[in-house]
Structure formats: structure tokens, C-alpha cells
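Spelled out from the first residue to the last, the chains are:
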Amino acid sequence: DIRETKECQLKDPMDLFHSGQVVKVCAPMVRYSKLAFRTLVRKYSCDLCYTPMIVAADFVRSAKARDSEFTTNKGDHPLIVQFAAKEAQVLCDAARIVCPFADGIDLNCGCPQRWAISEGYGACLINKPELVKDMVRHVRSQIDNPKFSVSIKIRIHEDLKRTVDLCQKAEAAGVSWITVHGRSIEERHQPVHYDAIKIIKQSMSIPIVANGDIKTLKDAENVHRLTEADGIMVARGLLANPAMFAGYEETPFQCIQDWVDIALEHGTPFTCFHHHLMYMMERITSKQEKKVFNVLSSTSAVLDYLNDHYGV
């Protein structure tokens, strides 16, 4: 897949932010934002897609990690590869590997999982603004392509002044845009602080993407109104309804059909194929149907079920 991409037309993701429209973004989701799912959401008005988070050190060190973690093709653009990193040169080396095949990289400064923080990755980086600045500056200086974007995804501090300071340092180092998940490291299911995202937006001159608890297109419009952000990044909302950005309130059957076609064409592993369908059908199936569907254990059983019940 990577080889054939050499002929692809890489894009400048910044063109999206200059279009005057709110940029619709598919979030980096562990296990889920892989090539097949990105292909699906792009069919339904998603402008920009991220890969799942990849640990840069493993990616640089191991060809096996590169093969399993990163797959793309000609239609998979604009594409941002998200890395977990804590050393500038390692991030640069990873960026250099993906540069011919992707349109930018993103540094994860938001993952709150314990393993990530204990390794020095993810959300703990919001407390190391000088390191973040250094990493952004290094990638900027070592990648020749001026259209290749370098972004960061962050959480907020309890003291918002610290977040604004972090963002301004990253901007000075040449960051392309910043995605802000409007919760602190400790917050999980508490309401998202959209007011904080608005304050960050007003303090910056680069694009800001808002993230957190956006489940429907109405939510996306509302968050845009509250934050004035340049883009809206969605995770679980797109899992439940990959056609959300195209204006559908629940997953249309055509989208389920498209997923079956794309997943089979890409040779998607059964567990992933099935999980995506469980998410997509959550709102449109009864409790009884879920009981049956969720325990199916083979692709052929799933295909028979979809055909018998929905004509898919």
C-alpha cells in the first residue's frame, strides 16, 4: 500500500483551514481509525483523517511496527499520522519515514492513559512546554516539504493561563494548528469546557480544532458556535454514525453497505469489522437484535444476518 502511494497527490491540509468552512475531522482512535474506516468517513463528508496514535520510537526501530501500524493508499488524503513521542529526534525520524505518504504529523499531548503518562508520552507533555516547542521546531527544520503540517493535540490545565502559554510557545515554534480536547488530565466524563477552547482560540493566530463529546452534527454546529474553532474533531460520534458529517442523524443502511464493501475489500480482521458494525447499529437495533448480533463470531454469520434482517 505504501509503495503505490508514491504516485498519490499529497495535499496541503492548511488549504482546508483557509477554505472558510469549518473543517470536519475524524479523531485518532486506537484500533479504529485505520485505513478502512478512514475510507468510509471520507465518503461521508469528513475532510481530514488521523491515524491511530503510533509510538514513534517503535515505529522508527521496527519494520514490523511500520507494517502493522501504518497503511494508506491513493485516496487516503489529506492524512495526519499521530505519534506519541518524547524526544525531538525520534519524532523527526518518524516524520521523515511517513513524509512521502502523508500530509502531516500530529504530536499526541492529550492521551490520559496511565501507561502513556508513565512512559512520558501523551498528556504529561502539556506540563513540558519547552519540550513540545523543541519537538515542533525540530520537525519543522528537518522536513523539507513546506506543505507538510506539524500539529499537536492537547488537553487543558486547571489554570488556563498555562495552556495558553503552551499554545503560544508551540505557535512560535511553527505548529500548523492545535486540537484542544476541553478537559484536564483528571477529567474523564465531566462536561467539556468549551469556554476554555474559546479563550485559547481568541489567544492564537493559528487554527484551533475543538474536540470532546461531539456526538451529532447538531453538537458540532453548537460547539463551533460556542468556541469559534476552525475545525471540529469527532471520535465516538463518528464510530456510532460514520455518515454524521454528511447530515445523517443515524447511520443510513447505505453506510452499513459501504462499510461491508470497504472492509471486505481491505481484508479487515473480523473483530474490527464486527465492532464497527456494533457501533453503527447501536441506535438502530432493538435490545433483542443486539443480543443476537453482538455474539456472532464469523464474517459469514455477520453477512447472513445483515442480508436476512436489512437486505444489506
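Residues numbered from 1 in each chain as written. Predicted model: local features only at pLDDT ≥ 70, side-chain atom pairs only at ≥ 80, totals over all residues. Heavy atoms only, no water.

We count it as follows: UniProt positions are given in the numbering used here, feature names are shortened, and annotations may be inferred rather than shown by experiment.
As annotated in an unreviewed UniProt entry, the protein chain carries the name tRNA-dihydrouridine(20a/20b) synthase [NAD(P)+]-like and comes from Daphoenositta chrysoptera. Regarding the protein chain, the relevant UniProt record gives this comment under Function (unreviewed entry): "Catalyzes the synthesis of dihydrouridine, a modified base found in the D-loop of most tRNAs." Listed under Sequence similarities (unreviewed entry) in UniProt, the entry text for the protein chain is "Belongs to the Dus family. Dus4 subfamily."

**Regarding the UniProt feature "active site" (unreviewed entry) in the protein chain**
Just so we agree on the cut-off: Each helix is a run of DSSP H or I of at least 4 residues and each strand a run of E of at least 2, with the numbering of both proceeding from the N terminus. Contacts are assigned to residue pairs that have any heavy atoms within 4.5 Å of one another.
Mapped onto the present numbering, the UniProt feature "active site" (unreviewed entry) falls at Cys111. Summarising the element assignment, Cys111 is placed in the loop between strand 5 (104–109) and helix 7 (114–118). Sequence-distant contacts of Cys111, defined by excluding residues within four places in its chain, comprise Met53, Ala116, Ile117, Gly122 and Ala123.

**Thoughts on the nonpolar core**
Put simply, the test is: Residue types Ala, Val, Leu, Ile, Met, Phe, Trp, Tyr and Cys, when buried and joined through side-chain atoms within 4.5 Å, form a set referred to as a nonpolar core. Exposure classes here rest on a 1.4 Å probe applied to the protein chains alone. A residue is buried below 20% of its type maximum, exposed above 50%, and partly exposed in between. Source of the domain bounds: an automatic or database domain assignment.
In this structure, Phe83, Ile152, Ile178, Leu277 and Leu306 are the most contacted members of the largest nonpolar core, which totals 90 residues. Here this core spans two domains, and each of domain 1 (13–245) and domain 2 (253–310) adds at least three residues to it. Beyond its immediate sequence surroundings of up to four residues, Ile178 is in contact with Ile152, Ile154, Cys167, Ala170, Met204, Ile206, Pro207, Ile208 and Val209. Among the nonpolar cores identified, the runner-up in size contains 11 residues, and Phe17, Val23, Leu48 and Trp177 belong to it.

**Considering the pattern of salt bridges**
To keep it simple, the criterion reads: We count a salt bridge whenever a side-chain nitrogen from Lys or Arg sits within 4 Å of a carboxyl oxygen from Asp or Glu.
Per the stated rule, a full pass over the model turns up 12 salt bridges. Residue Arg38 pairs with Asp76 through a salt bridge whose shortest N-O separation is 2.7 Å. You can see Arg38 sitting in helix 3 (residues 35–43) and its partner Asp76 sitting in the loop between helix 5 (63–69) and strand 4 (79–84), a full 38 residues away along the chain. The pair formed by Arg38 and Asp76 is uniform in burial state, with each residue classed as buried. A salt bridge links Lys169 to Asp165, with the shortest nitrogen-to-oxygen separation between them at 2.9 Å. Of the two residues, Lys169 and Asp165 are both situated in helix 9 (residues 160–173); the distance of 4 residues between them amounts to about one turn of the helix. Several salt bridges share partner residues, and in doing so they unite Arg38, Arg42 and Asp76 into one network.

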